[in-house]
Amino acid sequence: GFSLGIVSRKKILNKNNVKEKDVILAIPSSGLHSNGFSLLRRILKNYKIEKFIKKELLIPTKIYTKEILTLTDKKLIHACANITGGGLIGNIVRSIPNNLTANIDLSKIKVQKIFKWLRRKNISDFEMLKTFNCGVGFCLITNRSKVDKIKKIFSKNFKPYEIGYISSSSKKLNLISKVKW
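Just so it is clear, the structure is predicted and the values come from calculations on it, not from any experiment. (Residues numbered from 1 in each chain as written. Predicted model: local features only at pLDDT ≥ 70, side-chain atom pairs only at ≥ 80, totals over all residues. Heavy atoms only, no water.)

Further remarks concern the environment of Lys-110. Inspection of the secondary structure puts Lys-110 in the loop between strand E3 (100-105) and helix H5 (113-119). When the C-alpha positions of Lys-110 and Lys-180 are compared, they lie 8.3 Å apart, and in sequence the two are 70 residues distant. In contact with Lys-110, not counting residues within four places along its chain, are Cys-134, Gly-135 and Tyr-161. (Helix = DSSP H or I, 4+ residues; strand = E, 2+ residues; numbered from the N terminus. Contact = heavy atoms within 4.5 Å.)

For the structure on display, the rule yields four salt bridges. Here Glu-67 and Lys-62 are joined by a salt bridge, their closest N and O atoms 2.9 Å apart. In this pair, the class of Glu-67 matches that of Lys-62, namely buried. Between Arg-119 and Asp-125 there is a salt bridge, with its nearest N and O atoms 2.5 Å apart. Classification of Arg-119 as partly exposed rests on a relative accessible area of 25%. (Salt bridge = Lys/Arg side-chain N within 4 Å of Asp/Glu carboxyl O. Buried < 20%, exposed > 50% of the residue type's maximum accessible area, 1.4 Å probe, protein only.)

Here it is in structure tokens:
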């Protein structure tokens, strides 16, 4: 399924608001969300389905609408990205203007158990980052001075944390370090 809506032009977040030295915050996912299930099904054909996997498959996708609407109403974010199909590396770049780079420190990602389990099934780091959210359900781009206000809007389980920053470059994405699986 999907949803469709309309938004006032005044409330549209424009990636041109993103500035050098802005920070990139990760909002934790609630698990797999709705991405990578074709790959997951292929893997499950070859492995015993552990009890925790069954539980993970039933976790509802966290929808961030309430929090994001609050953030935009309070003008606390410059841009954001829902980490869906395409994973972190395919979604964050759409929120970055052509003259800036999203520098993501992969070692800062708080990887959840389901993604660690998947990684151990011979899926490359690149494929993991391209297919799954790996624990990052949504990203926010904002001025560092607004981070504390932003964190107060989220519940304990979905508290944003810093994973990167914006710098000047023609390269849209710069991945730093490696994911700690």
